[in-house]
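Working through the structure, step by step
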Amino acid sequence: MKTTCIAFLGLLLWAAPDAQAQFTVVTNAGNTLTIASYSGPPWDVIIPTTLYNLPVSNIGSRAFLDSPLTSVVISPGITSIGDYTFGNTGITNIVIPDSVVSIGIAAFSGCSNLISAMIPDSVTNIQDYAFSSTGLTSITIPTGVTLIEDDEFYNCASLTNVTIPSNVTSIFSGAFYGCTSLASITIPNGMTSIADSAFYGCSSLTNVSLPASVTNIESYAFGNTSLTSVIFPGNAPVAASTVFFNDNNATAYYYPGTSGWSSHFGGAPAIMLNPPNPAGALQLSILPAGAITAGAQWQVDGGIAQSSGATVLGLTVGNHSVSFKTISGWATPADFTVTITSGKTSKATGTYVKGNPQLTITSPKPGQSVSNALLIVAGKVTDNLSANAVYY
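Every chain's residues receive numbers from 1 upward, in the order its sequence appears when written. At least 70 in pLDDT is required for a residue's local features to be given in this predicted model, at least 80 for side-chain atom pairs to be given and counted, and no such filter applies to totals for whole chains, interfaces and linings, which use all residues. Values shown for side chains rest on all heavy atoms present in the structure; no hydrogens or waters enter the calculation.

Here, strands pair whenever DSSP counts at least two bridges between them. Helix and strand definitions here come from DSSP, where helices need a minimum of 4 consecutive H or I residues and strands a minimum of 2 consecutive E residues; each element is numbered from the N-terminal end. A sheet is described by the order of its strands in space; here three strands give the open sequence β28-β26-β32, paired in mixed fashion. In the strand order of this sheet, the two ends are held by β28 (311-316) and β32 (345-351), each with one partner. Each adjacent strand pair in this sheet contributes to an overall mean axis angle of 30°, direction not counted. The pairing of strand β26 (residues 279-287) with β28 spans four bridges and is antiparallel. Bridge pairing in β28 links Gly280 to Leu315. An axis is simply a line fitted to the C-alpha atoms; with a helix, the fit covers only the stretch in contact. Between two such axes, the angle follows the N-to-C directions and lies from 0 to 180 degrees.

So, in structure tokens, the structure goes:
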């Protein structure tokens, strides 16, 4: 057997023409190997755990790109799959071992026969276009992932089921663009933002419910779908006027006791679900500005946290309790009751005080006793703080 060794920029390239493995590899620091290319045939390939008595740790960028590859088994020990690694090949399924932590840009893009991909929770990073234009029918995002990157499942026209774990906080631009078979999607609580065109062109999508944690939705996020209803249990997110572009039958529904809503949202009509009758609203301002910056918020009847100046809609007529968020370094306003009047917006103010005022008594000293003495605390009592006469 003839083996060719070439030193280049401190790395070693190995090529072995024998039948056991027609791989070109690069040695890494630490004496591990990255597979750089494969010459084939055969095209049903097992990525080995070791080659040339060294562990294989990575599958390099473009290693199998545009090859006649029909199947691949990735052995345990591989930690990363590079950019474009299996792009435009004929593989039909892939099981990724739980040693892998990252999947590169367009790693499986264009694998139109790929209908199944099992991704372990060890994976924390799946890059742009990783599974775009594949034949996937179902996908479970691993729990190690917190972001669904740009165009990750772009144009997966056969995709019908997506499971997103609760630790995913953002869906980036075009993530599910053109997934025309996707009829439903569950957005988990904890999601905060949905970027532009994230679900654009999902023509089978008819209904979606967005959790109260979503605070930002960008342009065309749900454009050109078949949506008829979008449920919002929380306050109105910050949203572009084209969120529901060309969704002619879409209506946004929101709950009583939330804020930020008007007659339209994101280009669609907005309607309150099961509004109480009669009903009123409450607007509350928080003072001073420093408390707002520090994160001060308020809530009605223990409901959704509100920012200063928010108007909570759909409150039943009568008395409601108002409470405030505790923030470090500030004295919290006392809870109070507000009366809601039919058809009107009641207004209130809550004032935080910098610091946490305390009264310290230094006399009598320990071991001493005082009888029939009155301690008078003088001064102006403000901001829902209280002073009391203390007897000994």
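Bringing unusual backbone geometry into the picture now. Residue Pro278 follows Asn277 across a cis peptide bond; omega there is 5°. If you trace the backbone, Pro278 turns up in the loop between β25 (268-272) and β26. In the segment running from Leu287 into Pro288, the intervening peptide bond is cis, with an omega of -10°. By secondary structure assignment, the location of Pro288 is in the loop between β26 and α1 (289-293). Despite not being glycine, Asp301 shows a phi value in the positive range, around 55°. Considering the arrangement of structural elements, one finds Asp301 in the loop between β27 (298-300) and β28. Residue classification places Asp301 among the partly exposed residues on the basis of a relative accessible area of 45%. Each residue gets one of three labels from its accessible area relative to the maximum for its type: buried under 20%, exposed over 50%, partly exposed in between, using a 1.4 Å probe on protein chains only.

Moving on, we get to the side chain of Thr89. As for its position among the elements, Thr89 is in the loop between β9 (80-81) and β10 (93-95). In protein, a polar contact means a hydrogen-donor-capable atom and an acceptor-capable atom, both N or O and within 3.5 Å, with residues adjacent in sequence counting only if both atoms are side-chain atoms; elsewhere, any N or O pair within 3.5 Å suffices. At a separation of 2.9 Å, a polar atom in the side chain of Thr89 contacts the main-chain carbonyl oxygen of Phe86. Any two residues whose heavy atoms approach within 4.5 Å at even a single point are treated as in contact. Setting aside anything within four residues of it in sequence, one finds Thr89 in contact with Phe64, Asp66, Ser67, Leu69 and Cys111.

Okay, the confidence of the model for the chain next. When pLDDT is averaged along the chain, the result is 89; 85% of the residues meet or exceed 70. In the predicted structure, residues 1-20 sits below a pLDDT of 50 and forms 33 contacts with residues beyond four places in sequence or in another chain. Contacts for the low-pLDDT stretch residues 378-392, under 50 throughout, to residues beyond four places or in other chains number 24 contacts. Values of pLDDT, the confidence the predictor places in each residue, fall between 0 and 100.

Moving on, we get to the environment of Phe324. For Phe324, the position within the fold is in strand β29 (residues 318-324). By relative accessible area, which is 9% here, Phe324 ends up buried. Sequence separation between Phe324 and Ala296 is 28 residues, and the spatial gap between their C-alpha atoms is 7.4 Å. For Phe324, the residues in contact, after removing those within four places along its chain, are Leu284, Gln297, Trp298, Thr332, Pro333, Ala334, Asp335, Phe336, Gly350 and Tyr352.

A separate point is the environment of Thr89. What makes Thr89 buried here is its relative accessible area of 6%. With 22 residues separating them along the chain, Thr89 and Cys111 place their C-alpha atoms 5.4 Å apart.

As a further point, take the packing of aromatic side chains. Classification of ring pairs rests on two measures: the distance between centres of Phe, Tyr or Trp rings, Trp counted by its six-membered ring, which must be within 6.5 Å, and the angle between planes, read as stacked under 30 degrees, edge-to-face over 60 and tilted in between. All chains considered together, the criterion is met by 23 aromatic pairs. Plain terms: the ring middles of Tyr38 and Phe64 are 5.7 Å apart, the flat faces sit at 35° to each other, and that makes the pair tilted. With Tyr38 in strand β4 (residues 33-38) and Phe64 in the loop between β7 (54-59) and β8 (71-74), this residue pair connects regions lying 26 residues apart in the sequence. For Phe64, a relative accessible area of 0% gives the class buried.

In this section: the nonpolar core. Ranked by internal contacts, the top residues of the largest apolar core, which has 77 residues, are Ile103, Phe108, Phe131, Phe199 and Phe222. Of all elements in the fold, only β3 (23-27), β4, β5 (44-47), β7, β8, β21 (229-232), β23 (251-254) and β25 reach the threshold of two or more residues within this core. One finds Trp298, Leu315, Phe324 and Ile340 within the second-largest nonpolar core, a separate group that totals 18 residues. In this text, buried Ala, Val, Leu, Ile, Met, Phe, Trp, Tyr and Cys residues form a nonpolar core when linked through side-chain atoms within 4.5 Å.

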